[in-house]
Structures are given as structure tokens and as C-alpha cells.
Amino acid sequence: MINPGNGALCISIVGKENARLWSGLSDDASRVVCEVELFAHVSLDIVDERATKATENYLGQVYSDHLYKCFAYVSSTGVKFVLVTDSKSQGLRDSEMRAIFKKLHHAYCNAISNPFYVVGQPIKSKHLTEAAKQIFAQ
Amino acid sequence: MSLPFDLLHMEMVRYGKEKEAVARADYPKEVLEGLDKATSSLVYKALASRNAETNLESIGLRTGFLLAERLCRDLPRISTELEIMKFICKEFWISVFGKQVDNLRTNHQGVYVVQDNRFPCLTSFSDGTQYVKDAAIYLCFPCGVVRGALQALGIQALVTPTTDQLPSVKFHIHIKTKLT
């Protein structure tokens, strides 16, 4: 399963109390949805551990196995952004990842600014879906 | 001089008061009738979730929560309690109230006092002690904003405003628990 892009498969946004707020999957991941989501979920423990010691929001690669790699970003408010990529993809530098997470954080801020959104509930948002689509297409 | 926000805030307060008046009409009269003053004030306190102050505070809470998320997005990571308080007093205060706070004091045991000598929500009142009581409700929304921002950054706190002389306000922030 080698795809030409950056290999991003899944993006998930998890709240401070580990409530799943939003997740998006690329088309490539449609056959392995459970596997990828499980991987993202499993890496949350490591994200928590790293976040306590972190000096910046971007945590870098937090976890990997023979199929997937996982990158994470934690906002100062404790919201976790997790990006799962194919382990074979090479084309992701830290600066690119920072830009991607910044974009996601931006979209997340816009999404929760919706006055009809109840804080802590799963998010439905056009902003986030669009942002994710762009990231997957890169 | 009034900022657009001040005008909106005045209307919010007015709306809050109107809403409270409507809610009061719904209060169970059979319960309130024939009670002496002390007991009925207690009953009113029990029904406080519908009063104007609580309402404005909860609007502020949501606003502060979102603003904190939005503002700390472009800043380096904020983690310790002191860093959070500095963020509130500098970046947050500037973008919400248009100026830095004038004084921040702490007893290092979870109590912070933030002093603002010219608080923008109160500039439409004439200075002095005459309208201190009337001004109280104009501080509910700002209190909620501060509490919401602290909550977003992981601190549960109790925020109470005190004012002796307009337009200067002291916000007492009692930190209850730090969520980690």
C-alpha cells in the first residue's frame, strides 16, 4: 500500500479528557479503518506521556510499527491532534508536519467557534473536513 | 468613547436582566408566598441558575474558553500555572480588554489578584463610588471570560470581582484544582 502523496491516512482530534472529538480518514485508509483508528488510539498514551515533558506543541513522531507511523501535536489547552501515516512514506519533514498541524489547529478553532457546537461533543465541521482533504491530497 | 463591544455588552446586560424578569414571573408563587424575607431570599438563591448574573457568566465562560484556544494557538507552549497567569494578564487581557493589567499579585498558594485601574466595561459609568452597586452586573461577563480561559488552559478557578471605586476593578482568582 504505497501511495504517491505524503502517506497520511488518518487524522484524529482528541480532547483533554481523551474524548474523541473528530476524526478523518483518507481514501487509502478506507479498507483498514479499524486498524488505523486503533493505532491512533493506542498512541494516545505515548502522547500523554510526551506532552507532560514537552517544550513545544509539536511532539514529532510518537509511535511506529511495521505498518504505520504516528505524529502528534498538543495544544496548550490540552487538545491532542494525531496524524497516522504509512510507515513507508518518506516525504514528511518536521517543518511540513508543523505546518500541517498548525493548519489543523486553525481549522479546529474555527470549528469550535460555531455557536451551536457544545464543548466536549463530537464535532461536525466543514472547515475540518476541508482541511483534512487538503492534507490527504498533498 | 465606546467600543462596539461595549455597546454589545450593554445590550447583553439589558437582555440578561429582561430574561431574569421573565424567569421570575415563572417562579413557583405558591412556594414563595407567605415566606419571611430571609427564607424567600434563600429560595431565590436556589433559583439562581436562572438569574442574569449566572446567565452572563456562562456566556462569558464559553467565550473565554474559545478565545483562549484561539490565542494560544500562535504562542509557544504554556504549561505552568505562572505561565498561564502571565498569558492571561498579557496576551489575553490585551486582546479581550484592549490593555494590559495594571497589577498582578499572588500569595503563591493559589490566590491571584489581578488589578485593572481602568476596566473597559466600566468606562461608561462616572468615576467614583456612587454607582459601584449598579456596576456589579457589568462584571459578570468579564469574570466568566477569565474563568473560561483558565478552564481551557487546565485550571479550575473561582473568579470574583471587587470594586471600591470605578473604573478600577480587582479580580480575585482562587485556584481550586489544577487539571493535568
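Rules and cut-offs
Residues numbered from 1 in each chain as written. Chains lettered and ligands numbered in written order. Predicted model: local features only at pLDDT ≥ 70, side-chain atom pairs only at ≥ 80, totals over all residues. Heavy atoms only, no water. UniProt positions renumbered as here; feature names shortened; annotations may be inferred. Helix = DSSP H or I, 4+ residues; strand = E, 2+ residues; numbered from the N terminus. Rg over C-alpha atoms; globule rule 2.2 N^0.38 Å. Buried < 20%, exposed > 50% of the residue type's maximum accessible area, 1.4 Å probe, protein only. Contact = heavy atoms within 4.5 Å. Areas by Shrake-Rupley, 256 points an atom, 1.4 Å probe, with all protein chains shown as cover. Lys, Arg positive; Asp, Glu negative; His and termini not counted. Charge placed at Lys NZ, Arg CZ, Asp CG, Glu CD. Buried area = accessible area lost by both parts, 1.4 Å probe. Salt bridge = Lys/Arg side-chain N within 4 Å of Asp/Glu carboxyl O. Nonpolar A, V, L, I, M, F, W, Y, C, P; charged D, E, K, R; others polar. Patch = residues over 30% accessible without salt bridge, like charges linked within 9 Å, V, L, I, M, F, W, Y side chains within 5 Å. Arc of directions from axis to C-beta. pLDDT = per-residue confidence, 0-100. Phe/Tyr/Trp six-rings, centres within 6.5 Å; stacked < 30°, edge-to-face > 60°. Core = buried A, V, L, I, M, F, W, Y, C linked by side-chain atoms within 4.5 Å. Pairing = 2+ DSSP bridges. Axes fitted to C-alpha atoms, helices over the stretch in contact; angles between N-to-C directions.

By the naming in an unreviewed UniProt entry, chain B is Trafficking protein particle complex subunit 6B, taken from Mesorhabditis belari. Of the comments in the UniProt record for chain B, the one headed Sequence similarities (unreviewed entry) reads "Belongs to the TRAPP small subunits family. BET3 subfamily." Per UniProt, chain B has the following entry under Subcellular location (unreviewed entry): "Golgi apparatus, cis-Golgi network".

As recorded in an unreviewed UniProt entry, chain A goes by the name Trafficking protein particle complex subunit 2-like protein, listed as coming from Mesorhabditis belari. Recorded in UniProt under Sequence similarities (unreviewed entry), the annotation for chain A is "Belongs to the TRAPP small subunits family. Sedlin subfamily." In its Subcellular location (unreviewed entry) section, UniProt records this for chain A: "Cytoplasm, Perinuclear region".

> Just to check I follow, could you spell out the overall build of chain B for this structure?
Each helix and strand counted, chain B has seven helices and four strands in total. Beginning at the N terminus, the succession of helices and strands in chain B can be written as α-α-α-α-α-β-β-α-α-β-β. Here the C-alpha radius of gyration of chain B, 18 Å, is about what a compact globule of 180 residues would show, namely 16 Å. Taking the principal axes of the C-alpha coordinates as reference, chain B spans close to 60 × 40 × 30 Å. By residue count, 41% of the 180 residues in chain B fall in the buried class. Long-range contacts, defined here as pairs at least 24 residues apart, represent 57% of the contacts in chain B between residues at least 6 apart. Element-wise, carbon and sulfur atoms account for 56% of the exposed surface of chain B, whose accessible area totals about 9,800 Å². Of the charged side chains in chain B, 22 are positive and 20 negative, and the gap between their average positions amounts to 4 Å.

> Would you mind going over the interface of chain A and chain B with me for this structure?
Interface size is commonly expressed as the accessible surface area that is lost when the partners come together. Contact residues are listed per partner, giving 25 residues for chain A and 17 residues for chain B. In total, about 1,700 Å² of surface goes out of reach between chain A and chain B, with carbon and sulfur atoms giving 48% of it. Counting the contacts that link chain A with chain B gives zero salt bridges. For the side of chain A that touches chain B, the secondary structure elements donating two or more residues are β4 (68–74) and α3 (94–112) of chain A. By residue class, the composition of the side of chain A that touches chain B is eleven nonpolar, ten polar and four charged.

> I tried to follow a nonpolar patch on the surface on my own but got confused; where do I start?
Taken together, the side chains of A:L38, A:V42 and A:Y63 present a nonpolar region at the surface, about 260 Å² in accessible area. Relative to the elements of secondary structure, A:Y63 occurs in strand β3 (residues 58–64).

> Even after reading the chapter, I still don't get helix α2 (residues 44–53) of chain A, so can you show me in this structure?
At 3.6 residues per turn, the α-helix brings residues three or four places apart onto the same side. Residues and elements named next belong to chain A. Three or more residues of α2 are buried, namely L44, V47 and A51. Buried residues of α2, seen end-on, are gathered within an arc of 45° and therefore sit on one face of the element. Away from its buried face, by an angle of more than 90 degrees, α2 presents the exposed residues D45, E49, T52 and K53. Of the surrounding secondary structure, the elements contacted by the buried residues of α2 are β1 (8–14), α1 (33–42), β3, β4 and β5 (80–86).

> Got a minute to help me understand the confidence of the model for chain B in this structure?
With 97% of its residues at a pLDDT of at least 70, chain B reaches an overall mean of 86. Here helix α2 (residues 29–32) of chain B is the element of chain B with the lowest mean pLDDT, 72, and helix α7 (residues 140–152) of chain B is the one with the highest, 93.

> Quick question: what am I supposed to make of the packing of aromatic side chains here?
Here the distance between the centres and the angle between the planes together describe a pair of aromatic rings. Residues and elements named next belong to chain B. As enumerated under the stated definition, the model contains 15 aromatic pairs over all chains in all. Here F5 and F141 contribute two aromatic rings whose centre-to-centre distance is 6.0 Å and whose plane-to-plane angle is 35°, an arrangement assigned as tilted. Note that F5 is positioned in helix α1 (residues 4–26) and F141 in helix α7, a separation of 136 residues in sequence. Exposure remark for F5: the relative accessible area of 29% places this residue in the partly exposed category. By relative accessible area, which is 6% here, F141 ends up buried.

> Looking at this structure, I do not really get the nonpolar core. What am I missing?
Generally speaking, a soluble globular protein has its nonpolar side chains buried in company with each other. Counting 44 residues, the largest nonpolar core has B:W93, B:F119, B:L122, B:L150 and B:I173 as the members making the most contacts within it. Elements that contribute at least two residues to this core include exactly α1, α4 (52–71), α5 (81–97), β2 (111–116), α7, β3 (155–162) and β4 (169–178) of chain B. Each residue touching B:L122, except ones within four places of it in the same chain, is listed here: B:A135, B:Y138, B:L139, B:L166, B:P167 and B:V169. A:Y58, A:V79, A:M97 and A:I100 belong to the second largest nonpolar core, which has 28 residues in total.

> What exactly am I supposed to notice about the sheet that holds β1(A) here?
By way of backbone hydrogen bonds, the strands of a sheet pair with one another, either parallel or antiparallel. Residue and element names in this part refer to chain A. Read across the open sheet, the five strands follow the order β2-β1-β5-β4-β3; overall the sheet is antiparallel. Two strands bound the open sheet, and with one partner strand each, they are β2 (20–25) and β3. Averaged over all pairs of adjacent strands, the angle between their axes in this sheet comes to 20°, without regard to strand direction. Across five bridges, β3 lies against β4 in antiparallel orientation. Among the inter-strand pairings, Q61 is bridged to a residue of β4, identified as F71. Relative to β5, α3 is tilted by about 135°, and along the sheet it contacts β1, β2, β3, β4 and β5.

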